[in-house]
Amino acid sequence: MMKPVSSASLAPSKLRVLRFVSNLLSKAVGLVVLSLLGSGVAPEATRAQQASDRIRLNQVGFYPDAKKVAVVVGADAGSFAVVETATSDTVHLGTLSAAEQWDMSGEQVRRAPFSEVTAAGTYELRVEGLGVSYPFTIEQNVFRPVARAALKAYYYQRMSIPLKEEYAGQWARPMGHPDDEVQVHPSAASEARPEGTTIAAPKGWYDAGDYNKYVVNSGISTYTLLAIYEHYPEGAEDLSPSIPESGNDVPDVLDEALWNLRWMLDMQAPDGGVYHKLTHPSFQGMVMPHEVSAPRYVVQKSTAAALDFAAVMAQGARLYDDYSDAFPGLADSMRTAALRAWTWARAHPDVPYDQQAMNQQYDPDVVTGAYGDDTFADEFAWAAAELAVTTEADSFLAVASPLDRAPTVPSWGNVRTLGWMTLLEHRADVASAVDTSALTRRYRRFADELVQARTDVPYRTVMGRERSDFAWGSNSVAANQAMVLLQAERLTHDPTYVQAALANFDYLLGRNATGYSFVTGHGDRSPMRIHHRPSEADGITAPVPGFLAGGPNPGQQDAGHCDPAYPSDHPATSYLDALCSYASNEVTINWNAPLVYVAAVLGAEYGE
Ligand code: G3I
Ligand code: 9MR
């Protein structure tokens, strides 16, 4: 084989000649015989050919000025070509990096960088011996459809409202779960609300593929959506997915978040504590929401629920205050609710939600998601940060502060960093209570460690250095890593952080060892059988769009329920696009939220 041509060595005039010859050849013989030109690229790479699952890249596409890279697996060739799909013009020839072993996937990996390609268009990548990639586009606003769809997913998760065809298209459905008569479970009974009392707690989003709503998981999810508005008010205006409230002069992301916050407000008990969840006793079958008739309960109060509630209500109080005409009294109600929940938590600082223990004591048994957590320092720190900023009182941070410990990548059970992000955002306002130079220095160190992780991962993503990245819902680890990195860029204006965040976004949309673009309806190979009851029961082949699947999870906790089996035991490839796979292919509000954030903010960073 002839020596591959390096892209860097090709002058524009040579590229034009190459394009011309390439066109002639493909027209003459129906093949792209680039190897004749010394590229080393396969003659067998025809456009009619099926895309190779060994060429992995962001299947949605790239901003013109963004870093662009694909990853190829098992390639012997030294080079690759980027070809314009419509014309078969070769616009770039590049050299593959040396092969590296990745233990997380058990693969030999090489990278194909092509940032030089910046012209808007639709392209594909060709590699000798492997074939052709999925087509991808380079254009301005390329992530906007994903950002909008990922926000729209929350509309599809709404309870207590019919989804109209006007907004939901083929996924229109009758109202599910009015939740206007919810029983107080014996574990939640009080003098004010004895067992058997019914309360109304309508609205909110279905948590996931199941039909329950959980305060702890709602906290981080709602915070993250609100943060888009708080950090990027103008970007939030553009994030309009067409929902019933569109056009009410309030950004859709605030309207959508409010659907959940209204429910959360009803989860506060008369004493200020907050019920841990509103649930059926057990998971329902694969039926549509309106077909379920099992009873609903609110269960015991918990410290985590109270603090997550306090945090997000405090955040809501300062944001909805901007829209007091549209929502009179709302911000005040939220502030009062937040303070009452905080006071309850201070008096009950250590009440975990232990479902097993609860079931030993009370009937009926409840076996739905637990979101159980038994360490509350991080919840106290997050709530303290939100309350301090909203009320402008330093006393909250004297009780607990995010700075008590280093930031980490957030998750539903580990929310300290949400407090870090809020303090960073409002650092000028909290300077009397917080050492703001330590705040920014320590946060930057944290972000630098994440950036550094990329050098250990042959895919050059932040995601995947640690085996622990591949937890249940691992795709949210990648998305949350990206979200926290974007804060570092906002602090420093150093593009390295955006590039690292983008690498993880590319991971989610295809540059990963499974070869899937993990967002339903986006990318050529996206999940078709998510563990999502409406997607399964609605009789429509396409899943409800805009959902981030959970992603690789070597825990494979559902293996006993699943046929077919997982394709692999490697952490990065323990993924199964099958209905049975609730441990790798469910969808959840807390996984989608950082997807919306990152898609929207990358758009803003790249100049939408
Ligand atoms: O905390 C331990 C950690 O110490 C340990 O090192 C690690 C090793 O496996 O496990 C950690 O616990 C994990 C826990 O999540 C916290 O991350 C468990 O293994 C893991 O099984 C657990 O998964 C949770 C899953 O429910 C099962 O409880 C997911 O985070 C959570 O997202 C998921 O949430 C479900 C809801 O219950 C119901 N609705 C759907 C939703 C998504 O599947
Ligand atoms: O369908 C349930 C899913 O929404 C939950 O996240 C998951 C978490 O435990 O559980 C699923 O339900 C399964 C149950 O746990 C075990 N039996 C099979 C159920 C799925 O069909």
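Residue indices begin from 1 for each chain and proceed along its sequence in written order. Starting at A for chains and at 1 for ligands, labels are handed out in the order in which the entities are written. In keeping with the predicted nature of the model, local features appear solely for residues at pLDDT of at least 70, side-chain atom pairs appear and are counted solely at 80 or more, and the whole-chain, interface and lining totals rest on all residues. Excluded from the side-chain calculations are hydrogens and water; all other atoms, namely the structure's heavy atoms, are used.

Visitor: In this structure, what is going on with the site of ligand 1? I would like to understand it.
Guide: Around ligand 1 sit D207, A208, D210, Y214, G369, Y371, W412, W472, Q557, E586, T588 and W591, and that is every residue in its neighbourhood. Two N or O atoms form a polar contact when they lie within 3.5 Å of each other; inside protein one atom must be a possible hydrogen donor and the other a possible acceptor, and for residues adjacent in sequence the pair counts only when both atoms belong to side chains. Taking W412, its side chain carries an N or O atom lying 2.9 Å from an oxygen atom of ligand 1. E586 places a side-chain nitrogen or oxygen 3.0 Å from an oxygen atom of ligand 1. Per-residue and other accessible areas follow the Shrake-Rupley method at a 1.4 Å probe size, with only the shown protein chains counted as cover for residues. Relative to its unbound accessible surface of 780 Å², ligand 1 loses 50% to contact with the protein. For the shell around ligand 1, the per-class residue count stands at six nonpolar, three polar and three charged. We call a residue near a molecule or strand whenever a single non-hydrogen atom of that residue lies within 4 Å of it. In this classification, the charged set is Asp, Glu, Lys and Arg, the nonpolar set is Ala, Val, Leu, Ile, Met, Phe, Trp, Tyr, Cys and Pro, and all remaining amino acids, among them Gly, are polar.

Visitor: Would you mind going over the state of the cysteines with me for this structure?
Guide: Criterion for a disulfide: a pair of cysteine sulfur atoms at a distance within 2.5 Å. A complete count under the given rule lists one disulfide for this structure. One disulfide bridge connects C562 with C580, the sulfur atoms lying 2.2 Å from each other. Given an S-S torsion of about 115°, the disulfide between C562 and C580 has right-handed geometry. Of this pair, C562 sits in the loop between α16 (533-537) and α17 (589-605) while C580 sits in the loop between α16 and α17, placing them 18 residues apart in sequence. For the pair formed by C562 and C580, the shared burial category is buried. Only DSSP runs of H or I reaching four residues or more are called helices, and only runs of E reaching two or more are called strands; each is numbered from the N terminus. Buried, partly exposed and exposed residues are distinguished by accessible area as a fraction of the type maximum, computed with a 1.4 Å probe on protein chains only: under 20%, between the cut-offs, and over 50%, respectively.

Visitor: Got a minute to help me understand the site of ligand 2 in this structure?
Guide: With respect to spatial proximity, the complete set of residues near ligand 2 consists of D210, F283, W472, H531, R533, H561, Y582 and E586. Within the side chain of H531, one N or O atom sits 2.6 Å away from an oxygen atom of ligand 2. In the model, an oxygen atom of ligand 2 is placed 2.7 Å from a nitrogen or oxygen of the R533 side chain. Contact with the protein chains covers 64% of the free accessible surface of ligand 2, which is 450 Å². Each residue belonging to the shell around ligand 2 can be placed in one class, and the counts come to three nonpolar, two polar and three charged.

Visitor: How do you make sense of the sheet that holds strand β3 (residues 69-73) when you look at a structure like this?
Guide: Each strand in a sheet pairs with another by means of backbone hydrogen bonds, the pair being arranged parallel or else antiparallel. For two strands to count as paired, DSSP must find a minimum of two bridges between them. Reading across the sheet, the four strands line up as β1-β3-β7-β6 and stay open at both edges, with antiparallel pairing between neighbours. Looking at which strands have only one partner, the edges of the open sheet turn out to be β1 (55-56) and β6 (100-102). With five bridges connecting them, β3 and strand β7 (residues 107-113) associate as antiparallel partners. The residue bridging V72 from the neighbouring strand is R110, located in β7.

Visitor: Would you mind showing me how to read the pattern of salt bridges here?
Guide: Any two side chains of opposite charge can pair if their charged atoms end up close together. Put simply, a salt bridge is a Lys or Arg side-chain nitrogen that is within 4 Å of an Asp or Glu carboxyl oxygen. This model, assessed by the stated rule, comprises 18 salt bridges. We note a salt bridge from D179 to K213, for which the minimum N-O separation is 2.9 Å. With D179 in the loop between α3 (165-168) and β11 (182-184) and K213 in strand β13 (residues 213-214), the pair connects residues that are 34 residues apart, well separated along the chain. In this structure, D179 and K213 share a single accessibility class: buried.

Visitor: Help me understand the domain arrangement of the chain, please; the structure alone is not making it clear to me.
Guide: For every domain, the bounds stem from an assignment made automatically or drawn from a database. Domain annotation for the chain reports domain 1 (17-138) and domain 2 (144-522 + 585-605). Placing the centre of domain 1 and that of domain 2 at their C-alpha centroids yields a distance of 39 Å. We call two residues in contact whenever any of their non-hydrogen atoms come within 4.5 Å of each other. Contacts between the two partners involve 20 residues from domain 1 and, on the opposite side, 25 residues from domain 2. Accessible area that two parts lose when put together, evaluated with a 1.4 Å probe and summed over both, is termed the buried area. Buried surface at the junction of domain 1 and domain 2, both sides included, amounts to about 1800 Å², of which 63% is carbon and sulfur. Contact with domain 2 buries area across many residues of domain 1, yet R56, W102 and M104 alone supply 31% of it, more than any other trio. Across the domain 1-domain 2 interface, the total number found is one salt bridge. Across the pair R460 and E100 runs a salt bridge whose closest N-O atoms are separated by 4.0 Å. Counting the contacts that link domain 1 with domain 2 gives seven residue pairs in polar contact (both at pLDDT 80 or more). Looking at the side of domain 1 that touches domain 2, the elements with two or more residues in it are β3, β6 and β7. Of the residues assigned to the side of domain 1 that touches domain 2, the class counts are 11 nonpolar, four polar and five charged.

Visitor: What should I look at first to understand the nonpolar core in this one?
Guide: One broad rule of soluble globular proteins: the nonpolar side chains tend to lie buried together. With 159 residues, the main nonpolar core has L261 and Y320 as its most contacted residues. Not counting residues up to four positions away in its chain, the partners in contact with Y320 are L226, L254, A257, L258, L261, F327, L330, A331 and M334. Among the nonpolar cores identified, the runner-up in size contains 19 residues, and I55, V72, L125 and V127 belong to it. By nonpolar core is meant a set of buried Ala, Val, Leu, Ile, Met, Phe, Trp, Tyr and Cys residues that side-chain atoms within 4.5 Å join together.

Visitor: Even after reading the chapter, I still don't get the packing of helix α13 (residues 436-453) against helix α14 (residues 474-492), so can you show me in this structure?
Guide: When two helices pack together, their arrangement is given by the angle between the helix axes and by the axis-to-axis distance. It is the contact of α13 with α14, at a shortest axis distance of 9 Å, that shows an interaxial angle of 130°. In this view, α13 runs oblique relative to α14, as classed from their interaxial angle. Considering how the two elements wind past one another, α13 and α14 form a crossing that is left-handed. Residue-level inspection shows T440, Y443, R444, F446, A447, L450 and V451 of α13 in contact with α14, the latter providing Q481, V484, L485, Q487, A488, L491 and T492. Its residues assigned to classes, the contact of α13 with α14 comprises nine nonpolar, four polar and one charged. Each axis is a line fitted through C-alpha atoms, and for a helix only the stretch in contact is used; angles between axes span 0 to 180 degrees, taken between their N-to-C directions. Working rule for angles: under 35 degrees goes down as roughly parallel, over 145 as roughly antiparallel, 65 to 115 as roughly perpendicular, anything else as oblique. By definition, any crossing whose near helix is turned counterclockwise from its far helix by less than a right angle is left-handed, and any crossing with a clockwise turn is right-handed.

Visitor: Teacher, can you tell me more about the environment of A593 here?
Guide: Among the secondary structure elements, A593 is positioned in helix α17. Each C-alpha atom, one on A593 and one on F547, is 9.9 Å from the other, the two residues being 46 residues apart in sequence. If we skip the residues at most four places from it in the chain, A593 touches Y154, S221, T224 and L225.

Visitor: Mind showing me how you'd approach the sheet that holds strand β14 (residues 277-279) here?
Guide: Strand order in this open sheet of five strands is β12-β11-β15-β14-β13, and the pairing throughout is mixed. Two strands lie at the open edges of the sheet, namely β12 (198-199) and β13, each paired on one side alone. By the bridge criterion, two bridges tie β14 to strand β15 (residues 297-298) in an arrangement that is antiparallel. If you follow L278 over to β15, its bridge partner there is V298.

Visitor: For this particular structure, what's the right way to read the pairing of strand β8 (residues 121-127)?
Guide: Note on strand geometry: in a regular strand, side chains alternate between the two faces of the sheet. The buried fraction of β8 amounts to six of the seven residues, a majority that puts the element mostly inside the structure. As paired strands, β8 and strand β9 (residues 131-132) are joined by two bridges and run antiparallel to one another. For V127, the partnering residue across the bridge sits in β9 and is G131. Between β8 and β9, which pair antiparallel one after the other, the connecting turn spans three residues, and G129 there sits at a positive phi close to 90°.

Visitor: Teacher, can you tell me more about the side chain of R533 here?
Guide: Within the secondary structure, R533 sits in helix α16. For the charge count, each Lys or Arg is scored as positive and each Asp or Glu as negative, with His and the chain ends excluded. There is no salt bridge for the buried R533, and the closest opposite charge comes from E586, which lies 5.0 Å off by N-O distance. Looking at R533, its side chain comes within polar contact range of the main-chain oxygen of Q284, at 2.9 Å. When neighbours within four sequence positions are excluded, R533 is seen to be in contact with G209, D210, Y211, F283, Q284, G285, M286 and V287.

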